[in-house]
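The residues making up each chain are set out below.
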Amino acid sequence: MKILITGGAGFIGSHVVRHFVNKYPDYQIYNLDKLTYAGNLENLKDVEQASNYHFIKADIVDKDTIFSLFAEHRFDGVIHLAAESHVDRSISNPTEFIMTNIVGTANLLNAAREIWDNTDEKVFYHISTDEVYGSLGETGYFVEDTPYDPRSPYSASKASSDHLVRAYHETYGLPVKISNCSNNFGAFQFPEKLIPLIINNIKHNKPLPIYGEGKNIRDWLFVEDHVQAIDLIFHQGKSGETYNIGGNNEWTNIDLVKKICQIADKKLNRNTPAESLITFVKDRAGHDLRYAIDSSKIQRELGWKPSPDFDALLDKTISWYLENEQWLNSVTSGNYQKYYEKQYAKR
Ligand code: NAD
Ligand code: DAU
């Protein structure tokens, strides 16, 4: 079986690639990635020599390349993770998100539709986000048929791609699956996202920027739990279906950041508590208040469930960033500094 994984050099993608390469030695895994600022082959050092692993540097927006790759390999399955993924960047530069997330997804769908002949055994699995459902109030949960209400350029681009994927199923019978998940955390996440950014700033004694009052709520899902869900959906999920994946683990941003500070204080053995670095800054434009997922469908139908011990997983994640200094230094040099300056200097 030949599987194309797009965005496999990114945060979640690298965990998915590693899992499929190691667990399924009979599968040939093709990781297609443009290697944007968020893509990093260092994330895959431990599998790059595996005989069932292949890397292709390509841009999903490049239709001709995508079509020739499909014609050459006739992949049996696609797990589509490639995307521009950071909400703040979508606010300052939406065009990149429209191109990669919408046009890029359309190119993959068109290639699959035109090049796959017998689709009975094929799978086109699109990875999406809970942000397509919009913002919750203090109560309630997103379920699979919650109406779409995206509010940022990022979530609007992901919503568009989800609609295209479903439309290709309804119109052309393409065998698609979709999952929408909450905020992932774990190793190899680019430090523009809240958890690794806070850890990196604690390490360098820099202010810990909290947007607004820090009362926004996110549901945190351990990336390895997400990978288990992706494996189950890819192999056992029903064609044409959507599955919501959540960690059952809601935190206000301020409580989460305080928790990270307390864990880091113990590990770094410093005299001044990291909490003293917390700085409230200008809120994100259109900042969604709360995301929370009802994942009972995947739990009931596929037997998946998230790990219960958030504190232990957060502790393990913080240790990973503190112990992988070289990785953290390499991804925060150069362009990251310019991004950071632009994003936070005048906030
Ligand atoms: P990421 O930003 O860490 O990685 C994205 C990867 O896609 C990078 O390797 C990048 O080089 C690649 N890429 C970007 N544009 C490309 C293009 N035009 N052609 C080919 N490759 C390209 O993202 P992530 O956090 O790992 O997210 C992966 C997927 O999961 C995305 O689709 C995202 O929307 C979705 N998702 C992420 C989260 C989360 O919490 N991180 C939650 C829900 C859904
Ligand atoms: O819900 C799933 C989504 O989770 C994914 O689809 C996105 O790809 C992923 O980036 C993530 O989006 P968020 O916007 O929720 O994640 P982020 O880490 O950027 O922010 C988490 C919360 O922390 C959010 O409420 C904004 C806040 N925040 C973030 C940063 C970077 C701060 O307060 N300060 C910061 O510096």
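Above this note sits the structure.
Residues numbered from 1 in each chain as written. Chains lettered and ligands numbered in written order. Predicted model: local features only at pLDDT ≥ 70, side-chain atom pairs only at ≥ 80, totals over all residues. Heavy atoms only, no water.

Caption draft 1: Representation of the site of ligand 2 in the model. By nearness alone, 24 residues border ligand 2, and Thr129, Asp130, Tyr154, Arg284 and Tyr344 come closest of all. A distance of 2.7 Å separates an oxygen atom of ligand 2 from a polar side-chain atom of tyrosine 344. In the complex, 95% of the free accessible area of ligand 2, which totals 690 Å², lies under the protein chains. Residue assignment for the shell around ligand 2 shows that the elements contributing at least two residues are helix H6 (194-203) and strand S8 (208-211). In terms of residue count, the dominant contributor to the shell around ligand 2 is S8 (3 residues). (Near = heavy atom within 4 Å. Polar contact = N/O pair within 3.5 Å; in protein donor to acceptor, adjacent residues only side chain to side chain. Areas by Shrake-Rupley, 256 points an atom, 1.4 Å probe, with all protein chains shown as cover. Helix = DSSP H or I, 4+ residues; strand = E, 2+ residues; numbered from the N terminus.)

Caption draft 2: Layout of the packing of aromatic side chains. According to the stated counting rule, one finds 25 aromatic pairs in the structure shown. Here phenylalanine 142 and tyrosine 291 contribute two aromatic rings whose centre-to-centre distance is 6.4 Å and whose plane-to-plane angle is 40°, an arrangement assigned as tilted. Placement of phenylalanine 142 in the loop between strand S5 (123-129) and helix H5 (153-172) and of tyrosine 291 in the loop between strand S12 (278-281) and helix H9 (296-302) is noted, with a sequence separation of 149 residues between them. Here phenylalanine 142 matches tyrosine 291 in class, with each residue buried. Joined through ring pairs, the aromatic side chains of Tyr37, Phe190, Tyr211, Tyr336, Tyr339, Tyr340 and Tyr344 make up one cluster. Taking NZ or CZ as reference, arginine 89 lies 3.9 Å from the ring centre of tyrosine 339, over its face. Seen from the ring of tyrosine 211, arginine 347 lies directly overhead, with NZ or CZ sitting 4.0 Å from the centre. (Phe/Tyr/Trp six-rings, centres within 6.5 Å; stacked < 30°, edge-to-face > 60°. Buried < 20%, exposed > 50% of the residue type's maximum accessible area, 1.4 Å probe, protein only. Lys NZ or Arg CZ within 6 Å of the ring centre and 35° of its normal.)

Caption draft 3: Structural view of empty space enclosed by the protein. Inspection of every chain in the model, using the stated rule, returns 3 cavities of 30 Å³ or more. Its volume calculated, the second largest cavity comes out at about 60 Å³. What lines the second largest cavity is Val87, Ile91, Glu131, Arg151, Ser152, Arg218, Arg284, Ala285, Gly286, His287, Asp288 and Tyr291. A class-by-class count of the residues in the lining of the second largest cavity yields 4 nonpolar, 3 polar and 5 charged. (1 Å grid on protein atoms, 1.4 Å probe; cavity = no way out; pocket = protein on both sides within 12 Å on 5 of 7 lines; lining within 4 Å. Points joined across faces, edges and corners; volume = space filled by probe spheres on them. Nonpolar A, V, L, I, M, F, W, Y, C, P; charged D, E, K, R; others polar.)

Caption draft 4: Main features of the side chain of lysine 158. For lysine 158, the location among the structural elements is in helix H5. Salt bridges are absent for the buried lysine 158, whose nearest opposite-charge side chain, aspartate 162, sits at 5.8 Å. For lysine 158, the residues in contact, after removing those within four places along its chain, are Ala83, Asn101, His126, Ile127, Ser128, Thr129 and Val132. (Lys, Arg positive; Asp, Glu negative; His and termini not counted. Salt bridge = Lys/Arg side-chain N within 4 Å of Asp/Glu carboxyl O. Contact = heavy atoms within 4.5 Å.)

Caption draft 5: How the structure looks around the site of ligand 1. Around ligand 1 sit 28 residues, and of these Ile12, Asp33, Ser85, Tyr154 and Lys158 come closest. Contacts to ligand 1 include leucine 35, whose backbone N or O atom sits 3.5 Å from an oxygen atom. Serine 85 has a polar side-chain atom sitting 2.6 Å from an oxygen atom of ligand 1. Considered on its own, ligand 1 offers 830 Å² of accessible surface; in the complex 96% of this is hidden by protein. Of all elements in the fold, only helix H1 (11-23), S5, H5 and strand S7 (183-185) reach the threshold of two or more residues within the shell around ligand 1. The element contributing the most residues to the shell around ligand 1 is S5, with 3 residues.

Caption draft 6: Region of interest: the nonpolar core. Counting residues in each nonpolar core, the largest one holds 38 residues, and the members touching the most others are Ile195, Ile202, Leu208, Ile260 and Leu314. Counting only elements with at least two residues in this core, the list comes to H6, S8, strand S9 (217-222), helix H8 (253-268), S12, helix H10 (310-323), helix H11 (325-331) and helix H12 (335-344). The next biggest cluster of nonpolar side chains, apart from the first, holds 33 residues, and it includes Ile12, Tyr24, Cys181 and Val223. (Core = buried A, V, L, I, M, F, W, Y, C linked by side-chain atoms within 4.5 Å.)

Caption draft 7: Main features of the layout of surface pockets. If you add up the space inside the largest pocket, you get close to 560 Å³. Along the wall of the largest pocket there are 20 residues; nearest its centre are Asp88, Arg89, Ser92, Tyr339 and Gln343. Going through the elements one at a time, helix H3 (87-92), helix H4 (94-115) and H12 are the ones with two or more residues in the lining of the largest pocket. Of the residues assigned to the lining of the largest pocket, the class counts are 5 nonpolar, 4 polar and 11 charged. A volume near 170 Å³ is recorded for the second largest pocket. Of all the secondary-structure elements, those providing two or more residues to the lining of the second largest pocket are S9 and H10. If one sorts the elements of the lining of the second largest pocket by residue count, S9 sits on top with 3 residues. Tallied by class, the residues present in the lining of the second largest pocket amount to 8 nonpolar, 5 polar and 3 charged.

Caption draft 8: Spotlight on the pairing of strand S6 (residues 176-181). The element S6 is extensively covered by neighbouring structure, given that 6 of its 6 residues are classed as buried. Here S6 shows two buried faces, one formed by Val176, Ile178 and Asn180 and the other by Lys177, Ser179 and Cys181. Where S5 meets S6, 6 bridges bridge the pair, whose relative direction is parallel. Across the sheet, threonine 129 pairs through a bridge with cysteine 181, a residue of S6. In the classification by handedness, the crossover that spans S5, the intervening H5 and the parallel S6 is right-handed. (Pairing = 2+ DSSP bridges. Right-handed = clockwise from strand over helix to strand, strands pointing away.)

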